[in-house]
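# Tertiary structure, described
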Amino acid sequence: MTAASPPEVLRAPLVVEFPFTRSLGPVQSAFLTGLRERVVLGVKTSDGRVMVPPVEYDPVTAEELRELVEVAPTGTVTTFAWNGHPRPNQPLGTPFAWVLVRLDGADTALLHALDAPGPDAVRTGMRVRVRWAAERTGAITDIACFEPYAPHGPGEPAAATPAPHDGVFPEPVAGIVAPARLDYTYSPGRAQTAYLGALAEHRTVGERCPSCHKVYVPPRGACPTCGVATTDRVEVGPRGTVTTFCIVNIKARNTMNDAVEVPYVYAHIALDGADLALHGRIGGIPYDQVRMGLRVEPVWTEGGRYPGHYRPTGEPDADYEAYKELL
Ligand SMILES: [Zn+2]
């Protein structure tokens, strides 16, 4: 390594995770409650086709669909893709096939997992059946997966005829919480690596555009107006001006994972020397006294990689002319 070697660019795992809560209409409620009771329901369209999974409106005519039918827990694979490296929370922990299965009695296919020993054991046209989860709650995961199905005895039963079903079950499921999770390996790039490195020393470093001379904080590595790389590092702040703000009434946690009392103020803050406002929480002042032009400074939490919040400096408010271009 020589003195001219660029600093190593940061990389870190980043997980974006949140529970997605939704209510179910009458059709989805019947479908998921049915799965809990080991019954697979579809819906009949106006031209007599049976859709599994069911939908609430006809995909062709947009007509409301409510005529439920029960189909068989056996079906035929219409296409598949082998998943050799299952990710966390996928239906199976061992390699498996994603399959589209047209259940007997249905005209459309359902996406699910097929437990098979390897890709050579899977083919389009193969017969499969539902493997029910031991504990069922009224969710698509009540079908643990599909498994190959080779019925004993001569021949297979004739394709099931969908049977009318009223969709009525005791204690129907009215809503679901579906966990959404995205796993990334995030690399912030050259400019933000330097920005994050400086923050660890409680300094804020932006980059100046060589063409228009604007200082970007946090720096993205290029000027979006001029389309050129920004390489000139500039230390800004630590003080700044609130350019605009909002009062938040939704509970949140701060950088140390402590609950923040509501309401609280989240603001755009133009640090001195920066031509772009960053955002942060304002503390140390009642929420209804925060105003545009308020002068603030960062408050660092022990061990924090960025300011926990910003508080008033006590200076006179900045003149509107000084920050009007930064709104
Ligand atoms: Zn520029």
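Residues numbered from 1 in each chain as written. Predicted model: local features only at pLDDT ≥ 70, side-chain atom pairs only at ≥ 80, totals over all residues. Heavy atoms only, no water.

## Observations concerning the sheet that holds strand β3 (residues 50–51)
For clarity, the threshold we go by: DSSP bridges decide pairing: two strands pair if at least two such bridges lie between them. Helix and strand definitions here come from DSSP, where helices need a minimum of 4 consecutive H or I residues and strands a minimum of 2 consecutive E residues; each element is numbered from the N-terminal end. Only heavy atoms matter for contacts: two residues are in contact if any of them lie within 4.5 Å across the pair. An axis is simply a line fitted to the C-alpha atoms; with a helix, the fit covers only the stretch in contact. Between two such axes, the angle follows the N-to-C directions and lies from 0 to 180 degrees.
The four strands lie next to each other as β3-β2-β4-β10, forming an open sheet whose pairing is antiparallel. Every interior strand has two partners, whereas the edge strands, β3 and β10 (163–164), have only one. Looking at chain direction, strand β2 (residues 40–44) and strand β4 (residues 68–71) are connected through four bridges and run antiparallel. Bridged to V43 within β4 is L68. The strands that helix α1 (residues 26–36) touches are β2 and β4; relative to β2, the one it contacts most, it runs at about 155 degrees.

## Regarding the pattern of salt bridges
As a reminder of what qualifies: Salt bridge, as used here, is a side-chain nitrogen of Lys or Arg placed within 4 Å of a carboxyl oxygen of Asp or Glu. Three exposure classes are used, based on accessible area relative to the maximum for each residue type with a 1.4 Å probe and protein chains only: buried under 20%, partly exposed in between, and exposed over 50%.
Overall, the coordinates contain 21 salt bridges when judged by the stated rule. Between R131 and D115 there is a salt bridge whose closest N-O contact spans 3.1 Å. Separated by 16 residues along the polypeptide, R131 in strand β8 (residues 127–132) and D115 in the loop between β7 (110–114) and β8 bring together distant segments of the chain. On the accessibility criterion, R131 (29% relative accessible area) is partly exposed. One salt-bridge network, held together by shared partners, links R239, D272, R295, E297, R311 and E315.

## Focus: the coordination of the zinc ion
The line we're drawing: Excluding water, the donors of a metal are its N, O and S neighbours within 2.8 Å, or within 3.2 Å for Na, K and Ca, and that exclusion means sites may look incomplete. Four donors are marked tetrahedral only if all angles between them lie between 85 and 135 degrees, whereas four are marked square planar and six octahedral if opposite donors are more than 155 degrees apart and the other angles lie between 65 and 115; the remainder are marked irregular.
Around the zinc ion, the donor atoms from the protein are C209 (SG), C212 (SG), C223 (SG) and C226 (SG), and they sit 2.3 Å away. Each of the four donor atoms bound to the zinc ion contributes to angles spanning 107 to 112 degrees, and the resulting shape is tetrahedral. The sequence pattern describing where the donors of the zinc ion fall on their chain is C-x2-C-x10-C-x2-C. Of this pair, C209 sits in the loop between β12 (204–208) and β13 (215–216) while C223 is found in the loop between β13 and β14 (232–236), placing the two residues 14 residues apart along the sequence.

## Concerning the environment of F146
Here F146 shows up in strand β9 (residues 143–148). Note: C-alpha distance between F146 and P73 (73 residues apart in sequence) is 9.3 Å. Ignoring any residue separated from it by four or fewer positions in sequence, one finds F146 in contact with P73, V101, L103, L110, H112, A113, L114, D115, V128, R129, V130 and R131.

## As for the domain arrangement of the chain
By convention, interface size is frequently given as the accessible area that disappears when the constituent parts associate. We count it as follows: Residue ranges for the domains originate in an automatic or database domain assignment.
Along its sequence, the chain is carved into domain 1 (13–180) and domain 2 (195–326). Its C-alpha centre places domain 1 at a distance of 49 Å from the equivalent point of domain 2.

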